[in-house]
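Structural characterization, general
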Amino acid sequence: MAHRTPIVVGNWKLHKNIAEATALVTELKNQLGTVRDVEIGVAPVFTSLSAVAKRVEGSNLLLGAQDCFYESGGAFTGEVSAAMLLDVGCQFAIVGHSERRAMFGDTDAVVAKKTRAVLDGGLRAIVCVGETESERDAGKTTERVGTQLSAVLEILSSDDLERVVIAYEPVWAIGTGRTATPAQAQEVHAFIRKQMAARFSSAGEAVRIQYGGSVKPDNAQALMSEADIDGALVGGASLKAEDFAAIVKASRPAR
Ligand code: PEP
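Residues numbered from 1 in each chain as written. Predicted model: local features only at pLDDT ≥ 70, side-chain atom pairs only at ≥ 80, totals over all residues. Heavy atoms only, no water.

**Considering the overall build of the chain**
For clarity, the cut-off: Each helix is a run of DSSP H or I of at least 4 residues and each strand a run of E of at least 2, with the numbering of both proceeding from the N terminus. C-alpha atoms define the radius of gyration in this analysis, and the globule rule sets the expected value at 2.2 Å times the number of residues to the power 0.38. The buried label applies to any residue whose accessible area, calculated with a 1.4 Å probe on protein chains only, is under 20% of its type's maximum; exposed applies above 50%, and partly exposed to all values in between. Contact definition: two residues touch when any of their heavy atoms are within 4.5 Å. Residue burial considers only the protein chains on display, and all accessible areas are found by Shrake-Rupley using a 1.4 Å probe.
Helices and strands together make up the secondary structure of the chain, namely ten helices and eight strands. The globule rule puts the C-alpha radius of gyration for 255 residues at 18 Å, and the 17 Å found for the chain is close to it. Across its three principal directions, the C-alpha atoms of the chain cover 45 × 45 × 35 Å. Considering the chain as a whole, with its 255 residues, one finds that 51% of them fall into the buried category. A separation of at least 24 residues holds for 74% of the contacts in the chain among residues at least 6 apart in sequence. Looking at the chain as shown, the accessible area adds up to about 11100 Å², and 51% of this sits on carbon and sulfur atoms.

Put into structure tokens, the structure is as follows:
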């Protein structure tokens, strides 16, 4: 089985001004500065990226953005390009978060274009996929996740894979306190893994697949012990240093 270093990322969404963001990241450095067996990232709002970049420089914390536009420049009011994210100190960008898909018109095709732009811009991409509650209830989970994934797989080559992380985030579990059970999550992660391996064989096996959706300190370990869950994308619980640190520690590989 491919060795995969777990990756745990905090998506701070539309929370924390510059002072709050720098305070949180400073506390995370204190609590997690010596962790080497889990990759750790934070994704503040755009306006805090510069300040947080200064704090994470030289540390084990990665900096990312919550979104990235697919064009490199021009008349696109309100957008930010991959080159600009790299310029401010980002190492990764999240694309296809369900909130962007639901509220900001990010279709599968847009998510694929954003993924390509992020990778071409020299960043890593965390690509979110996940079904809604009604899709799950209708037995369409793998169909929906498969469609979202295929759109992205079409624009990837095997050379990109080291810089790609897939985040499986069932929409019904995001911010609701309703987590997928470890078995429910594992089932979809195994499906995603199979799709990756079918397209890229062993290189696909090595791609990390995070789980996201109400991950908390008390459920993280059970989720992370599933074979195909390689870390977490964390919303609410990433806003408190102790909770996020506990999730990171629960994600450490067993020694
Ligand atoms: C998210 O928004 O990516 C997320 C997983 O949120 P929460 O942890 O709050 O469910």
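**Here's the deal with the environment of Lys194**
Take Lys194: it is sitting in helix α8 (residues 182–205). When the C-alpha atoms of Lys194 and Gly204 are compared, they prove to be 8.4 Å apart, with ten residues separating the residues in sequence.

**Details of the side chain of Asp108**
Rules: Polar contacts, as counted here, are pairs of nitrogen or oxygen atoms within 3.5 Å of one another; within protein the pair requires one atom able to donate a hydrogen and one able to accept it, and residues that are adjacent in sequence qualify only if both atoms are side-chain atoms.
Along the chain, the position of Asp108 falls in helix α5 (residues 108–120). A distance of 3.2 Å separates polar atoms of two side chains, one belonging to Asp108 and the other to Arg144.

**Observations regarding the pairing of strand β8 (residues 231–234)**
So the rule is basically this: Whether two strands pair comes down to DSSP finding at least two bridges between them. Here is how to tell: hold the view so the strands point away, follow the path from the first strand over the helix to the second, and if it runs clockwise the crossover is right-handed.
Neither face of β8 is left uncovered, since the one carrying Gly231 and Leu233 and the one carrying Ala232 and Val234 both have all their residues buried. Relative to β8, strand β1 (residues 7–11) is paired through four bridges, and the arrangement is parallel. Note that in β8 the partner of Val9 across the bridge is Leu233. Bridging between strand β7 (residues 208–212) and β8 involves two bridges; their strand directions are parallel. Bridged to Tyr211 within β8 is Ala232. In terms of handedness, the path from β7 via helix α9 (residues 217–224) over to β8 forms a crossover that is right-handed.

**Quick word on the packing of aromatic side chains**
Centre-to-centre distance and the angle between the planes together describe a pair of aromatic rings. Let me state the cut-off plainly: Aromatic rings from Phe, Tyr and Trp, with only the six-membered ring used for Trp, were paired whenever their centres fell within 6.5 Å, and each pair was classed as stacked if the ring planes differed by under 30 degrees, edge-to-face if by over 60, and tilted otherwise.
Going through the model one piece at a time under the given rule, you end up with three aromatic pairs. Look at Phe69 and Phe76: their rings are 5.1 Å apart centre to centre, the planes differ by 50°, and that puts the pair in the tilted class. Judged by its relative accessible area of 11%, Phe69 falls in the buried class. We classify Phe76 as partly exposed; its relative accessible area is 35%. Taken together, the ring pairs connect Phe69, Tyr70 and Phe76 into an aromatic cluster.

**Comments concerning the side chain of Thr22**
Residue placement: Thr22 occurs in helix α1 (residues 18–32). Residue classification places Thr22 among the buried positions, given a relative accessible area of 11%. Within the local environment of Thr22, its side chain forms a polar contact with the backbone oxygen of Ala19, the two atoms lying 3.0 Å apart. Aside from chain neighbours lying at most four places away, what touches Thr22 is Ala51, Val52 and Arg55.

**Describing the sheet that holds strand β5 (residues 124–129)**
Spelled out, the test is: Angles shown run from 0 to 180 degrees and are taken between the N-to-C directions of axes, each axis being a line fitted to C-alpha atoms and, for helices, limited to the stretch in contact.
The strand order around the closed barrel built from eight strands is β1-β2-β3-β4-β5-β6-β7-β8, with neighbouring strands paired in parallel fashion. Ignoring strand direction, the axes of neighbouring strands in this sheet form an average angle of 25°. Lying over the sheet, helix α7 (residues 141–153) contacts β5 and β6 (164–168), oriented at roughly 155° with respect to β5.

**Observations regarding the site of the ligand**
For clarity, the cut-off: Summary of the distance rule: residues count as near a molecule or strand when at least one heavy atom falls within 4 Å of that molecule or strand. Each residue gets one of three labels, nonpolar for Ala, Val, Leu, Ile, Met, Phe, Trp, Tyr, Cys and Pro, charged for Asp, Glu, Lys and Arg, and polar for the others, Gly among them.
Close to the ligand lie 14 residues; Lys13, His97, Glu169, Gly175 and Ser214 are nearest. In this structure, an oxygen atom belonging to the ligand sits 2.8 Å away from a side-chain N or O atom of His97. Between Gly236 and the ligand, the recorded distance is 2.8 Å, taken from a backbone N or O atom to an oxygen atom. Here the residues of the shell around the ligand sort into four nonpolar, eight polar and two charged.

**Thoughts on the packing of α5 against α7**
Operational definition: By the definition adopted for this analysis, an angle is roughly parallel if under 35 degrees, roughly antiparallel if over 145, roughly perpendicular if from 65 to 115, and oblique otherwise. Here a crossing is called left-handed whenever its near helix is offset anticlockwise from the far helix by less than a right angle, and right-handed whenever the offset is clockwise.
Relative orientation of the contacting elements α5 and α7 amounts to 40°, with a least axis distance of 8 Å. If you check the angle between α5 and α7, you find them oblique. In this structure, α5 meets α7 at a crossing whose hand is right-handed. Judged by residue contacts, Asp108, Val111, Ala112 and Thr115 of α5 engage Arg144, Thr147, Gln148, Ala151 and Val152 from α7.

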